[in-house]
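Working through the structure, step by step
The primary structure of each chain is shown beneath.
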Amino acid sequence: MRELVVLGTSSQVPTRTRNHNGYLLRWDGQGLLVDPGEGTQRQMIHAGVAASAVTGVCLTHVHGDHCYGLPGVLSRMVLDGVQHPVHVHYPASGEPVVRALVALATPGLDLHLHPHGAAGAVADGLEVVPLRHRVEAYGYRLTEPDGRTFLPDRLTAAGIAGPDVGRLARAGRLGDVRVEDVSVPRPGQRVAVVMDTAVCDGAAELADGADLLLAESTFADADADLAEAYLHLTAGQAGALAAAGGARTLVLSHYSSRYTDVEPLRAEAEAAVRAAGASTTVVAAHDGDRVRVPARRTAG
């Protein structure tokens, strides 16, 4: 299963209807918990997500609304008897904060801390890119390697079936038949997370080719001056970012508490997408939503 479970959507402070932001990306056997704000443990219960589903934690930065829920989640994992290793990725300058948060948690997890201080790969298929915020911040991108999709009619014509298909996939050739003869390229899926940032090259890099882009939408376009002052995105900027990168689905979140209705934010983002001539699907996330990663792109 590959889906984004939205645990919270509020920036800075929670509201009556929105918890501090937090997200769980379910990716096959992995569960990457992104920016667990205060109250994330309770939100996981509401969403029907077991603490044991978490295999890694990704902090974009160490502002409280993105990390104060970490001790509770880690403690719950100990309580539930989680035995697998848990890897925590975060900006290196946030080391004191992360160490303090981890120290508050119940000991007993096989916990591995991984600070990063520059763009690049931080785990298999997972990379970080710097963003532009008031503290050191990074976005994340999870990428599946490109592969190939076998075409049944070509396999039949070549006389290949059953276990021989697997042998061909592993070896690249079976007798006179090459894997290229009976398959087409299959682009790998990409999920990107762009949290607290102003418009910057890093955000554009992360959005490029994303199948699902989770992006902050802290302010409405009418409050662009506040967005610039606090180094955040407006809804329209998030839409333009997704459109320019060819993102297939844009999930908006991290809303300011000044907006009780987020539909106008979705409309502003969609207007920016349409103005750019793009076909990105725009979703305004609500607490508890589940958004499936779109099916793989077809080659060509």
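Note that the structure is predicted; figures quoted are calculated from it, not measured.

In this section: empty space enclosed by the protein. Applying the stated rule across the entire model yields one cavity of 30 Å³ or more. In this structure, the largest cavity encloses a volume near 60 Å³. Residue lining of the largest cavity: Leu 25, Leu 32, Val 34, Cys 58, Leu 126, Tyr 140, Arg 141, Leu 142, Val 191 and Val 193, and that is the complete set. At the level of elements, β3 (30-34), β9 (138-143) and β14 (190-194) are the ones that each hand at least two residues to the lining of the largest cavity. Sorting elements by how many residues they give to the lining of the largest cavity places β9 first, with three residues. Along the lines of polarity and charge, the residues of the lining of the largest cavity split into nine nonpolar, no polar and one charged.

Of note, Thr 9 is situated in the loop between β1 (2-8) and β2 (22-27). Residue classification places Thr 9 among the buried positions, given a relative accessible area of 0%. Setting aside chain neighbours within four positions, we find Thr 9 in contact with Arg 18, Asn 19, His 20, Asn 21, Ser 253, His 254, Tyr 255, Ala 285, His 286 and Asp 287.

The contact between helix α8 (residues 235-245) and helix α9 (residues 263-275) brings their axes to 7 Å, and the two run at 40 degrees. Classified by the interaxial angle, the pair formed by α8 and α9 is oblique. The hand of the α8/α9 crossing is right-handed. Residue-level inspection shows Ala 235, Gly 236, Gly 239, Ala 240 and Ala 243 of α8 in contact with α9, the latter providing Leu 265, Glu 268, Ala 269, Ala 272 and Val 273.

Pairing in this open sheet of seven strands is mixed, and the strands run β7-β8-β9-β14-β15-β16-β17 from one edge to the other. At either end of the open sheet lies a strand with only one pairing partner, and these are β7 (120-123) and β17 (281-284). Strand after strand, the sheet turns through a mean of 20 degrees between neighbouring axes, direction not considered. Its contacts with the sheet place α9 against β16 (249-253) and β17, and it is angled at close to 165 degrees to β17.

Another aspect to go through is the environment of Val 97. Structurally, the position occupied by Val 97 is in helix α3 (residues 95-104). Overall, Val 97 belongs to the partly exposed group, its relative accessible area being 30%. Put simply, Val 97 and Ala 220 are 123 residues apart on the chain and 31 Å apart in space, counted from C-alpha to C-alpha. Not counting the four nearest positions on each side in its chain, Val 97 is found in contact with Val 62 and Cys 67.

The next point concerns the side chain of Arg 18. Take Arg 18: it is sitting in the loop between β1 and β2. Buried charge without a salt bridge: Arg 18, with Asp 287 as the nearest opposite-charge side chain at an N-O distance of 6.0 Å. A distance of 2.8 Å separates a polar side-chain atom of Arg 18 from the backbone oxygen of Tyr 259. Aside from chain neighbours lying at most four places away, what touches Arg 18 is Thr 9, Ser 10, Tyr 255, Ser 256, Ser 257, Tyr 259, Thr 260, Val 262 and Asp 287.

In the structure shown here, the tally under the stated rule is 13 salt bridges. A salt bridge links Asp 80 to Arg 76; the shortest N-O distance between them is 3.1 Å. Residue Asp 80 is classed as partly exposed on the basis of its relative accessible area of 40%. Since its relative accessible area comes to 27%, Arg 76 is described here as partly exposed. A salt bridge links Arg 167 to Asp 164, with the shortest nitrogen-to-oxygen separation between them at 2.6 Å. Linking Arg 167 with Asp 164, this pair stays in helix α5 (residues 163-171), spanning three residues, or about one helical turn. What makes Arg 167 partly exposed here is its relative accessible area of 41%.

What counts and what doesn't
Residues numbered from 1 in each chain as written. Predicted model: local features only at pLDDT ≥ 70, side-chain atom pairs only at ≥ 80, totals over all residues. Heavy atoms only, no water. 1 Å grid on protein atoms, 1.4 Å probe; cavity = no way out; pocket = protein on both sides within 12 Å on 5 of 7 lines; lining within 4 Å. Points joined across faces, edges and corners; volume = space filled by probe spheres on them. Helix = DSSP H or I, 4+ residues; strand = E, 2+ residues; numbered from the N terminus. Nonpolar A, V, L, I, M, F, W, Y, C, P; charged D, E, K, R; others polar. Buried < 20%, exposed > 50% of the residue type's maximum accessible area, 1.4 Å probe, protein only. Contact = heavy atoms within 4.5 Å. Axes fitted to C-alpha atoms, helices over the stretch in contact; angles between N-to-C directions. Parallel < 35°, antiparallel > 145°, perpendicular 65-115°, else oblique. Left-handed = near helix turned anticlockwise from the far one by under 90°. Pairing = 2+ DSSP bridges. Lys, Arg positive; Asp, Glu negative; His and termini not counted. Salt bridge = Lys/Arg side-chain N within 4 Å of Asp/Glu carboxyl O. Polar contact = N/O pair within 3.5 Å; in protein donor to acceptor, adjacent residues only side chain to side chain.

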